[in-house]
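Okay, here's what each chain looks like letter by letter:
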Amino acid sequence: MELIPKADESPNSDPQEHLAAGGSVSAASSSSSSPSLSRYVSQKRRDWNTFGQYLKHHRPPLSLTKCSGAHVLEFLRYLDQFGKTKVHVQGCPFFGHPYPPAPCPCPLRQAWGSLDALVGRLRAAYEENGGNQETNPFGTRAVRLYLREVRDLQSKARGVSYEKKKRKKPPPPPTEHLDQRQPPLPP
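Residues numbered from 1 in each chain as written. Predicted model: local features only at pLDDT ≥ 70, side-chain atom pairs only at ≥ 80, totals over all residues. Heavy atoms only, no water.

A. Structural view of the environment of K44. Tracing the backbone shows K44 in helix α2 (residues 39-57). What makes K44 buried here is its relative accessible area of 7%. Distance from K44 to R123, taken between C-alpha atoms, is 9.5 Å for residues 79 residues apart in sequence. K44 has contacts with R121, A124, A125 and E128, leaving out every residue within four places of it along the chain. (Helix = DSSP H or I, 4+ residues; strand = E, 2+ residues; numbered from the N terminus. Buried < 20%, exposed > 50% of the residue type's maximum accessible area, 1.4 Å probe, protein only. Contact = heavy atoms within 4.5 Å.)

B. Layout of a positive patch on the surface. A cluster of like positive charges, contributed by R123, R141, R144 and R148, occupies part of the molecular surface. Sort the elements by how many residues they give to the positive patch and helix α5 (residues 141-158) lands first, with three residues. Tracing the backbone shows R148 in helix α5. (Patch = residues over 30% accessible without salt bridge, like charges linked within 9 Å, V, L, I, M, F, W, Y side chains within 5 Å. Areas by Shrake-Rupley, 256 points an atom, 1.4 Å probe, with all protein chains shown as cover. Salt bridge = Lys/Arg side-chain N within 4 Å of Asp/Glu carboxyl O. Lys, Arg positive; Asp, Glu negative; His and termini not counted. Charge placed at Lys NZ, Arg CZ, Asp CG, Glu CD.)

C. Highlighting the packing of α2 against helix α4 (residues 112-128). Viewed as axis vectors pointing N to C, α2 and α4 meet at an angle of 80°, and their least axial separation amounts to 9 Å. Between α2 and α4, the crossing angle belongs to the class labelled roughly perpendicular. In contact with Y40, Q43, K44, D47, W48 and F51 of α2, α4 contributes L118, G120, R121, L122, A124, A125, Y126 and E128. (Axes fitted to C-alpha atoms, helices over the stretch in contact; angles between N-to-C directions. Parallel < 35°, antiparallel > 145°, perpendicular 65-115°, else oblique.)

D. The pattern of salt bridges, seen in detail. Here the structure, examined in full by the defined rule, presents four salt bridges. The salt bridge involving K44 is made with E128; its shortest N-O contact spans 2.5 Å. Here K44, found in helix α2, pairs with E128, found in helix α4; they are 84 residues apart in sequence, far enough to count as distant. Looking at E128, the relative accessible area reads 43%, which means it is partly exposed.

E. Highlighting the packing of helix α3 (residues 69-79) against α4. Two elements in contact, α3 and α4, have axes separated by 12 Å at closest approach and are oriented at 140°. Compared by their axis directions, α3 and α4 come out oblique. Where α3 crosses over α4, the two elements pack in a sense that is right-handed. Contact with α3, carried on its side by F75, L76 and L79, involves L115, L118, V119 and L122 of α4 and no other residues of that element. In terms of residue class, the contact of α3 with α4 is built from seven nonpolar, no polar and no charged. (Left-handed = near helix turned anticlockwise from the far one by under 90°. Nonpolar A, V, L, I, M, F, W, Y, C, P; charged D, E, K, R; others polar.)

Don't take any of this as a statement about function, it's just geometry.
Set out below in structure tokens:
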């Protein structure tokens, strides 16, 4: 399989449009995507194409085989400029408030959940396009640590907890009263 992301031929490969549409990297679905593809698969393809465009326009241009976790971090930081999540800085009077009562000059960033989902889609796309799981730049320790740092910073800055939700145990099945005169079922 080919390890080089294919450039999206549609005019919707602008990362700003893509992020404005839902937190990942093109607004409208590309004309080349089939209507039978799931939303996840379409999004993964758009993200993969956008990352390919990023590598192509990188100075100096990068091939995917030379891409490292550091380049992935550079890409994630680049995406912050298109973010819509207000992240209060330490000195802001609204630091730690999820719903500040007034505007403030704090920067807009990509939400942690959007970045986490994006990295997951790109990690899967890398392997689907012939990349080796052991050399996947989206799965490096540096990327995992960066995502954890973003999560913790946004949690503190916005006063929002990102704790994993505990799954509710399914209720026990209703017990039916069996007629006492029937013999027990054989094992």
